[in-house]
Amino acid sequence: MKTMHETCYPAPLPKHVAIIMDGNGRWAQQRHRPRLFGHKAGADSVREAVETAREIGVRHLTLYAFSTENWRRPGLEVKGLMTLLKTYLKSELDTMKKNGIRLQCFGQKERLPDDVRKMLDKVIAETEHCSKLRLNLCLSYGSRTEMIELSRRSVGNVHPVS
Ligand code: FPP
């Protein structure tokens, strides 16, 4: 059966779309609202982006949501972001399972608060069988961290020649 995208638009569709989440703070500032108000709107846009990607037949959606640098933000903002993330995951789990969306997480998951990490692990485990859309969530990500991690892994993979 044709996807909605194939029916409506004949142009080829990218298999993978990546979004850097940015501008939440400025968006809120323009409306004279607190930054967290912008982050809440950002999370709502994620819901819409995921749904649209699934509907039109994108296979991978990568969201750069929270970088290693973001840990340096005021404690209250970080706390609010973590709460938003956990709330999002909790509220979306059933929809994700119903719609075939598999969650994967990239970045330093171990740096996340316990309750957020547990919720992430739960959603990752419970959507493992889903195959319509892969949602890659980058959390505590950073190019420097990734390079360090990559070299650490490759060193681990080097076997001495006998
Ligand atoms: C960038 O806006 C956005 C972030 C640093 C955080 C985005 C994360 C969430 C909204 C948490 C929920 C996540 C998901 C995936 C549901 P900014 O504050 O850097 O904006 P600015 O550049 O205008 O300051």
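Our subject is the structure that appears above.
As the structure is a computational prediction, the values presented were derived from the model and not from experiment. (Residues numbered from 1 in each chain as written. Predicted model: local features only at pLDDT ≥ 70, side-chain atom pairs only at ≥ 80, totals over all residues. Heavy atoms only, no water.)

1. Quick word on the sheet that holds strand β4 (residues 133–141)
In sheet architecture, strand pairing relies on hydrogen bonds along the backbone and comes in two forms, parallel and antiparallel. Taken in spatial order, the four strands make up an open sheet running β1-β2-β4-β3, and their pairing is parallel. Two strands close off the open sheet at either side, each with one partner strand: β1 (16–20) and β3 (101–106). The sheet shows a mean angle of 20° between the axes of neighbouring strands, direction not considered. Two elements, strand β2 (residues 60–67) and β4, share seven bridges in a ladder whose sense is parallel. Bridge pairing links phenylalanine 66 to leucine 139 in β4. (Pairing = 2+ DSSP bridges. Helix = DSSP H or I, 4+ residues; strand = E, 2+ residues; numbered from the N terminus. Axes fitted to C-alpha atoms, helices over the stretch in contact; angles between N-to-C directions.)

2. Considerations on the nonpolar core
Val50, Leu89, Leu103, Leu120, Leu135, Leu137 and Leu139 are the most contacted members of the largest nonpolar core, which totals 28 residues. When residues of this core are traced back to their parent elements, those giving at least two are α3 (35–56), β2, α4 (75–99), β3, α5 (114–126) and β4. Broken down by element, this core gets its largest block of residues, eight residues, from α4. (Core = buried A, V, L, I, M, F, W, Y, C linked by side-chain atoms within 4.5 Å. Buried < 20%, exposed > 50% of the residue type's maximum accessible area, 1.4 Å probe, protein only.)

3. Concerning the site of the ligand
As a structural note, the neighbourhood of the ligand is formed by 15 residues, with Asp22, Gly25, Arg26, Arg35 and Arg73 the closest of them. Contact between the ligand and asparagine 24: an oxygen atom at 3.1 Å from a main-chain N or O atom of the residue. Because more than half of its atoms lie within 2 Å of the grid, the ligand is assigned to the largest pocket. Mapped onto the shell around the ligand, the elements with two or more residues apiece are α2 (24–30), α3 and α4. Residue composition of the shell around the ligand, grouped by class: six nonpolar, five polar and four charged. (Near = heavy atom within 4 Å. Polar contact = N/O pair within 3.5 Å; in protein donor to acceptor, adjacent residues only side chain to side chain. 1 Å grid on protein atoms, 1.4 Å probe; cavity = no way out; pocket = protein on both sides within 12 Å on 5 of 7 lines; lining within 4 Å. Sits in = over half its atoms within 2 Å of the grid points. Nonpolar A, V, L, I, M, F, W, Y, C, P; charged D, E, K, R; others polar.)

4. Quick word on α5
Given 3.6 residues to a turn, an α-helix orients residues that are three or four positions apart in the same direction. The end-to-end C-alpha distance of α5, which contains 13 residues, comes to 18 Å, matching closely the 18 Å that a straight helix rising 1.5 Å per residue would cover. The set of residues buried in α5 consists of Val116, Met119, Leu120 and Val123. Axial view of α5: buried residues confined to an arc of 100°, hence all on one face. Against α4, β3 and β4 lie the buried residues of α5. (Expected span 1.5 Å × (residues − 1). Arc of directions from axis to C-beta. Contact = heavy atoms within 4.5 Å.)

5. Concerning the pattern of salt bridges
Any two side chains of opposite charge can pair, so long as their charged atoms come close to each other. Inspection of every chain in the model, using the stated rule, returns twelve salt bridges. Taking the shortest distance from any N to any O, the salt bridge between lysine 40 and aspartate 44 comes out at 3.2 Å. Here lysine 40 and its partner aspartate 44 are both found in helix α3, four residues apart, which amounts to about one turn of the helix. Judged by its relative accessible area of 42%, lysine 40 is partly exposed. Given a relative accessible area of 30%, aspartate 44 falls into the partly exposed group. Beyond isolated ion pairs, a larger network of salt bridges with shared partners links Lys40, Asp44, Arg47 and Glu92. (Salt bridge = Lys/Arg side-chain N within 4 Å of Asp/Glu carboxyl O.)

6. A closer look at a positive patch on the surface
Side chains of Lys15, Arg59, Lys132 and Arg134 sit close together on the surface and give a patch of like positive charge. Topologically, lysine 132 is positioned in the loop between α5 and β4. (Patch = residues over 30% accessible without salt bridge, like charges linked within 9 Å, V, L, I, M, F, W, Y side chains within 5 Å. Areas by Shrake-Rupley, 256 points an atom, 1.4 Å probe, with all protein chains shown as cover. Lys, Arg positive; Asp, Glu negative; His and termini not counted. Charge placed at Lys NZ, Arg CZ, Asp CG, Glu CD.)

7. With respect to the packing of α4 against α5
Two numbers describe how α4 lies on α5: the axes approach to 10 Å, and their chain directions differ by 15°. In terms of orientation, α4 and α5 fall into the roughly parallel class. Read as a crossing pair, α4 and α5 show a hand that is left-handed. Contact with α4, carried on its side by Met82, Leu85, Lys86, Leu89, Lys90, Leu93, Met96 and Lys97, involves Asp115, Val116, Met119, Leu120, Lys122, Val123 and Glu126 of α5 and no other residues of that element. (Parallel < 35°, antiparallel > 145°, perpendicular 65-115°, else oblique. Left-handed = near helix turned anticlockwise from the far one by under 90°.)

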